[in-house]
Amino acid sequence: MMTDDVTGSKNESIREQAFEAEKFYKVKWTQVPDLVEKWRVFLKAGWAYVPGKEQSSTVFQEFEVQLTRALKGFLAGALSEWVGLGETTNADSMKAEMVDDLAKKHFPMYMQTMHDNLQRDHHIKHFGHLNYGLFLKVLGVPIKEAVVFWRKSFDRITDDKFNKDYKYNICHSFGLEGKHANYAPKSCQQLLMAGPLEYGCPYRHYSPKNLQSALLSTYSSSGLTSTDLPEIMATVKGGHYHVACTRVFEMTHHKFGVKKGEGAGGGESITHPNQYALRSMELYK
């Protein structure tokens, strides 16, 4: 019994010495919820006293907060940089009958695919309808022409069904219904984060074989050839999807003097579908 008491006393002394030698950092307990849950910190009056050896948790938590904040800021900037906070860019000058020709000449593959599917199926899922509709709005298709375009595209349903299921959403996207918000189309970063069921970016979600076939069928008339594919696919394999899209833009606008590395102008990469389309339309003028 005496031996056990001596051993216990010795161990307690060692713990006290370790405690006195330890450095503690005072932080809000909400910054280290993982340590609080595991009882690895001392709590008092809403503050957590974190041992130096557990400081990495504080660093990781702060990094996550800052990363989330920075990502939100980036998305907000990308969302508005090319779309004027949802405002149209061609003074509502486009007619419904112009969209088909514009799609073939100027749209990025994401929007060309959306347009082709719409013309083929005479229908498009909700997220596709929303994304494509906002893209066209900012491109310069006014509300009246937008209704004409979508009614013609959804020509296999009755007027009653169209007015009930689709016309309200079209007006809503223009800020004429609901909370009257001026909605902006999604940026490339947002589309990259979307899943394929939400019509995500082809460069990310297509298989290599399907992507190569889609690239040739979409852009062969604009000068893209099979010899261009290895370079594009290499950037896709590396996860640099916006670089691949930018390179496609350069290749398909080479006849207008666009060189490798120039991107949409001044070395600027493609970061928004509307940026791609608008720059292409400028070069054709």
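As shown above, the structure is provided for reference.
One structure accompanies this document, and this report is about it. Please read all numbers here as calculations on a predicted model, not as lab measurements.

Parameters at a glance
Here, residues in each chain are numbered from 1, in the same order as that chain's written sequence. Local features in this predicted model are restricted to residues whose pLDDT is 70 or higher, and side-chain atom pairs enter the listing and the counts only when it is 80 or higher, whereas totals over whole chains, interfaces and linings include all residues. Remark: hydrogens and water are excluded; side-chain values derive from all non-hydrogen atoms of the structure. Strands here mean DSSP runs of E at least two residues long; helices mean DSSP runs of H or I at least four residues long; both are numbered from the N terminus. The buried label goes to any residue with under 20% of its type's maximum accessible area, the exposed label to any with over 50%, and the partly exposed label to all in between, with areas taken from a 1.4 Å probe on protein chains only. Note on contacts: a residue pair is in contact if any heavy atoms of the two residues lie within 4.5 Å. Each salt bridge in this description consists of a side-chain nitrogen of Lys or Arg and a carboxyl oxygen of Asp or Glu lying within 4 Å of one another. By nonpolar core is meant a set of buried Ala, Val, Leu, Ile, Met, Phe, Trp, Tyr and Cys residues that side-chain atoms within 4.5 Å join together. The disulfide definition used here is simple: a pair of cysteine sulfur atoms within 2.5 Å. Here a strand pair is declared whenever DSSP counts at least two bridges between the two strands. Lines are fitted to the C-alpha atoms to define the axes, a helix being fitted only along its stretch in contact, and any angle between axes, read from their N-to-C directions, falls within 0 to 180 degrees. To be clear, the arc concerns the directions from the helix axis to the C-beta atoms.

1. A closer look at the overall build of the protein
Part 1: Counting secondary structure elements, the protein contains 14 helices and three strands.
Part 2: Within the protein, the fraction of its 285 residues that count as buried is 40%.
Part 3: Across the protein, every contact between residues at least 6 apart in sequence was considered, and the portion connecting residues at least 24 apart equals 62%.

2. Considering the pattern of salt bridges
Part 1: Applying the stated rule across the entire model yields nine salt bridges.
Part 2: K260 is the partner of E231 in a salt bridge, and the nearest nitrogen-oxygen pair spans 3.2 Å. A residue pair is termed long-range when its members are at least 10 positions apart, and E231 in helix 12 (residues 229-237) and K260 in the loop between helix 13 (241-252) and helix 14 (273-284) qualify at 29 residues.
Part 3: Notably, a salt bridge pairs R279 with E282, separated by 3.3 Å at the nearest N-O pair. Taken together, the positions of R279 and E282, both in helix 14 and three residues apart, correspond to about one turn of that helix.
Part 4: With a relative accessible area of 27%, R279 lands in the partly exposed category.

3. Comments concerning the nonpolar core
For soluble globular proteins, nonpolar side chains are generally found buried alongside one another.
Part 1: One finds F107, Y132, F135, L136, L139, F149 and W150 to be the most contacted residues of the largest nonpolar core, which totals 29 residues.
Part 2: For this core, the elements supplying multiple residues, two or more each, are helix 4 (99-106), helix 5 (109-121), helix 6 (126-139), helix 7 (143-153), helix 8 (159-173) and helix 14.
Part 3: If you look at the next biggest cluster of nonpolar residues, it comprises 25 residues, including L224, F249, M251 and I270.

4. Thoughts on the state of the cysteines
Disulfides are covalent bonds that connect the sulfur atoms of two cysteines.
Part 1: Taken as a whole, this structure holds zero disulfides when the rule is applied.
Part 2: C245 provides the cysteine sulfur closest to C188, a residue in no disulfide bond, and the two sulfurs are 5.9 Å apart.
Part 3: With relative accessibility at 17%, the residue C188 sits in the buried group.
Part 4: The thiol of C201 is not disulfide-bonded; the next cysteine sulfur, from C245, is found 6.9 Å away.

5. A closer look at the sheet that holds strand 3 (residues 47-51)
Part 1: In space, the three strands of this open sheet follow the order 1-3-2, with antiparallel pairing throughout. Strands at the two margins of the open sheet, each flanked by one partner only, are strand 1 (24-28) and strand 2 (42-44). Strand-to-strand twist of the sheet, defined as the mean angle between neighbouring strand axes without regard to direction, takes the value 25°.

6. Some details on helix 4
Part 1: Within helix 4, burial applies to V99, L102, A103 and H106. Burial along helix 4 is one-sided: seen end-on, the buried residues are contained in an arc of 105°.
Part 2: Residues of helix 4 that are buried in the fold lie against helix 5, helix 6, helix 7 and helix 14.

On their own, these measurements won't tell you what the molecule is for.
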